[in-house]
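# Residue-level structural notes
Below are the chains, spelled out letter by letter.
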There are 2 protein chains.
Amino acid sequence: MKSFLNIDAHSHFSMHNIPFGVFRRGDKPPAIGTRIGEYVVDLGALEAAGVLKSRHFAGESLNRFMATGRGTWREARGAIQRVLSEDSPLRDDTKIRDAAVFPVGDVRMLLPCHIGDYTDFYSSRDHATNVGIMFRGKENALMPNWLHLPVGYHGRSSSIVVSGTDLRRPRGQTKTDDATAPAFGPSRMVDFELETGFFIGPGNELGQPIPISRASEHIFGMVLVNDWSARDIQKWEYVPLGPFLAKNFGTSISPWIVTMDALEPFRIDPPSQDPQPLDYLLPAGAAYDISLEVSIQSADMANPHVICRSNVRNLYWTMQQQLAHHTCNGCNVRPGDLLASGTISGQREDSFGSMLELAWNRTKPITLPNGQQRVSIQDGDRVTMSGCCEDKSGEYRVGFGEVTGRILPVL
Amino acid sequence: MKSFLNIDAHSHFSMHNIPFGVFRRGDKPPAIGTRIGEYVVDLGALEAAGVLKSRHFAGESLNRFMATGRGTWREARGAIQRVLSEDSPLRDDTKIRDAAVFPVGDVRMLLPCHIGDYTDFYSSRDHATNVGIMFRGKENALMPNWLHLPVGYHGRSSSIVVSGTDLRRPRGQTKTDDATAPAFGPSRMVDFELETGFFIGPGNELGQPIPISRASEHIFGMVLVNDWSARDIQKWEYVPLGPFLAKNFGTSISPWIVTMDALEPFRIDPPSQDPQPLDYLLPAGAAYDISLEVSIQSADMANPHVICRSNVRNLYWTMQQQLAHHTCNGCNVRPGDLLASGTISGQREDSFGSMLELAWNRTKPITLPNGQQRVSIQDGDRVTMSGCCEDKSGEYRVGFGEVTGRILPVL
């Protein structure tokens, strides 16, 4: 499958990908597009020109398209692949190409949709175990419920930002173990969390659970998620109602939603689960082989430095299980809702998906190439996550690009 | 202040109230209105007829009006009071009255706005103490953070419903203390929680906290909230990330938003707080004297039976403190976001705001007038909450009406 556009063999955005996103060019209104190699393609413009016969992409957000369902998504992806293929009439139509195909550097990416509700799970066993060991000791590392249900909680949708948005270091209330009273000030323990997330397609009505056998019909596609966290705020606030201000100062996502059809070649068997989950969580659904990487670049470093290599296959609970569990009580999910995985850590020490784990609760500082040490994110540090699938034959890639952002000093 | 419309002296919706809501009449589009006595007034229609000179009420939700700010809200309320007063030209204009003033029975209320994010606090000391005693014993009743910050967590906005909406009993995963493994099935411990909530006005940009001195500018008005809860699901799921499926099967709110200007005569001194909160939570802001009542009516009862009498003054943390805390890390709140108080319990046993407390963890069943006993909500039970302020002279009331709903059997 070749395009008339020149695509690097290592590009995340091959003809096999065709992700969906929303971009802005200059002061023009937001537009729905796809990305191919180093180009962004305005899908609304292709519809307006009659090159695409569909009517999904005229708006400024993907919610309406997400609501249409998997058959429509698949058809649209196929149609876009045909329009971009090497023998497409678009190749020689410079007028339409000028109006619809732009170098990626000419556009600014926006959030892909209106995110009504955001849920964050806690689905990597190694991450939950690591955190448990650090805070409760080896014997009580995993809570009793963890192996029986995909633990999750509601996050904040208002503070979800697209890759490239810098965030201010949060202030907050914290209390050190030896202090008699809490204090208020800038967090001293800002961290990242390496996650992926998926967007809801059609969704369900309140009171009508989505059975796990139909969960895949409601999963539109995936993005990378950096669930920024302030560990000192979290520690003082989170009992008994869970994390709140430790998380809601900002959550970053990658701009291009990679569809489940594009990820299909990288589907693998779900992890073996012991004890066997209850019936409403079976069959477990699908896992995916997606390589993940986290790099950090401090203000005086010339290049980013990779500090973590993980993989989506490290997740214990599948997306289908997360969604079936989320709706088993009748809770409704809507097109554009985001469900994130929780920190994705593997077994190896260099696969841990947060600084908390990489520096093992501040006891093993990470040394950067310039000699600086890190146990948490400092002002000016840029954290970048990337994710990619590689075809077994090495012929093509399907990737997410990256989610990146810096922590700025408090105002 | 008299209206040309006949208003019962005991009505919650006196000329001193002028709440805002959204209603639907027949198959007409949703419309923004106010309520006066037993009438609903279409404010968009009054603007269209030139009776109101403003341009706030043409849409189908209050978000845009909420964003305008307190000066505009106050002006609009004054203008509506004048239009409804006894010497208003509207009195004799039957054509406009027919197009804009309807008996309350002719309309169906909708959610008043798009609720982007929903946060639930835990701000009644007696409630937190009661729950703590039941689950952790008297010595550790209040968690160490509780007296230092308004504990809160993110709820689900998709499943917020307007009063009158019945909800299905949720299914879920639970584990009894003596069971070796969890089971899946209908919750056996559905409960209500008596709360109030406030809607955000203009709100803030991400990274720009709202200082407590300016918090009142961002509080549009209040509603009653029933935070339906499934105690058995909650008990098994909530450690360590907080309540999730125990809460998100439905949250009910009263349809009319009562403005802070209408509640101003019922403002009282904030509760004394010891230890003194940190500076960013001072000055504490305002408390309110609003009487609250909860009644229950089982399927075979002819009338509702009051089981709880509480008051908003029982809250320890003020709305200003909740909002300043929520944004102190830079988290943004948007017009239409809802922040709820947490269960409002007082010191007396008949002022406890949940069945969990009233029946003291199933040990003291409540006996209904027909002899039935209750330790939790049964299928067919209707729970109704009402809230009202009474002028000292007894001349008028400003109230919320009610939030009501039934629990239906599982499908």
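Residues numbered from 1 in each chain as written. Chains lettered and ligands numbered in written order. Predicted model: local features only at pLDDT ≥ 70, side-chain atom pairs only at ≥ 80, totals over all residues. Heavy atoms only, no water.

Here the focus is the layout of surface pockets. Considering only enclosed or pocket space, the largest pocket measures out at about 800 Å³ in volume. Lining the largest pocket are 36 residues; nearest its centre among them are Phe135(B), Arg231(B), Gln234(B), Lys235(B) and Trp236(B). When residues of the lining of the largest pocket are traced back to their parent elements, those giving at least two are β6 (118-121), α5 (125-136) and α6 (231-237) of chain B. Among the elements that make up the lining of the largest pocket, the one with the highest residue count is α6(B) (five residues). Classifying every residue of the lining of the largest pocket by side-chain character gives 15 nonpolar, eight polar and 13 charged. In this structure, the second largest pocket spans a volume of roughly 660 Å³. Along the walls of the second largest pocket sit 31 residues, with Phe135(A), Arg231(A), Asp232(A), Gln234(A) and Lys235(A) positioned nearest its centre. Contributing elements (two or more residues each) for the lining of the second largest pocket: β6 (118-121), α5 (125-136) and α6 (231-237) of chain A. (1 Å grid on protein atoms, 1.4 Å probe; cavity = no way out; pocket = protein on both sides within 12 Å on 5 of 7 lines; lining within 4 Å. Points joined across faces, edges and corners; volume = space filled by probe spheres on them. Helix = DSSP H or I, 4+ residues; strand = E, 2+ residues; numbered from the N terminus. Nonpolar A, V, L, I, M, F, W, Y, C, P; charged D, E, K, R; others polar.)

Residues and elements named next belong to chain A. Taken in spatial order, the five strands make up an open sheet running β9-β26-β25-β20-β21, and their pairing is mixed. The two strands at the open ends of the sheet, each matched to only one other strand, are β9 (167-168) and β21 (305-311). Summarising the sheet, β9 and strand β26 (residues 397-408) pair through two bridges and their orientation is parallel. What sits directly across from Arg168, in β26, is Leu408. (Pairing = 2+ DSSP bridges.)

Right, let's talk about the relation of the copies chain B and chain A for a bit. These two copies of the chain differ by a rotation about an axis and a displacement along the same axis. Each copy superposes on the other: chain B lies on chain A with an RMSD of 0.0 Å after a rotation of 180° and an axial shift of 0.0 Å. Taken together, the rotation angle and the small translation identify this as a two-fold axis. No C-alpha of chain B approaches the rotation axis more nearly than that of Gly242(B), which lies at 2.1 Å. (Least-squares fit on C-alpha atoms with pLDDT ≥ 70 in both.)

Attention now goes to the sheet that holds strand β2 (residues 31-36) of chain A. Residues and elements named next belong to chain A. Spatially, β4-β3-β2-β1-β5 is the arrangement adopted by the five strands of the open sheet, whose pairing is antiparallel. Only two strands of the sheet have a single partner each, and these edge strands are β4 (101-103) and β5 (108-110). Taken over all neighbouring pairs, the strand axes of this sheet differ in orientation by 45° on average, direction set aside. Note: strand β1 (residues 21-24) against β2, three bridges, orientation antiparallel. When the bridges of β2 are listed, Gly21 appears paired with Gly33. (Axes fitted to C-alpha atoms, helices over the stretch in contact; angles between N-to-C directions.)

Take the interface of chain B and chain A next. Quoted interface sizes are often the accessible area lost when the parts come together. Taken together, the contact pairs 57 residues of chain B with 57 residues of chain A. Summed over both partners, the interface of chain B with chain A buries about 5400 Å², with 62% contributed by carbon and sulfur atoms. It is Arg156(B), Leu241(B) and Phe244(B) that lose the most area in chain B upon contact with chain A, and together they represent 15% of the buried surface on that side. Taken together, chain B and chain A are joined by four salt bridges. Among the ionic pairs, Arg156(B) bridges to Asp117(A), the shortest N-O distance being 3.6 Å. Inspection of the chain B/chain A interface yields 31 residue pairs in polar contact (both at pLDDT 80 or more). (Contact = heavy atoms within 4.5 Å. Buried area = accessible area lost by both parts, 1.4 Å probe. Salt bridge = Lys/Arg side-chain N within 4 Å of Asp/Glu carboxyl O. Polar contact = N/O pair within 3.5 Å; in protein donor to acceptor, adjacent residues only side chain to side chain.)

All names here are of chain A. Overall, the coordinates contain 44 salt bridges over all chains when judged by the stated rule. Across the pair Asp261 and Arg74 runs a salt bridge whose closest N-O atoms are separated by 2.9 Å. With a gap of 187 residues between them, Asp261 in helix α7 (residues 260-263) and Arg74 in helix α3 (residues 70-84) connect regions that are remote in the sequence. In this structure Arg74 comes out as partly exposed when scored by relative accessible area, which is 46%. Residues joined by salt bridges that share partners form a network here, namely Asp191, Glu193, Asp227, Arg231 and Lys247. (Buried < 20%, exposed > 50% of the residue type's maximum accessible area, 1.4 Å probe, protein only.)

Geometric values such as these leave the question of function open.
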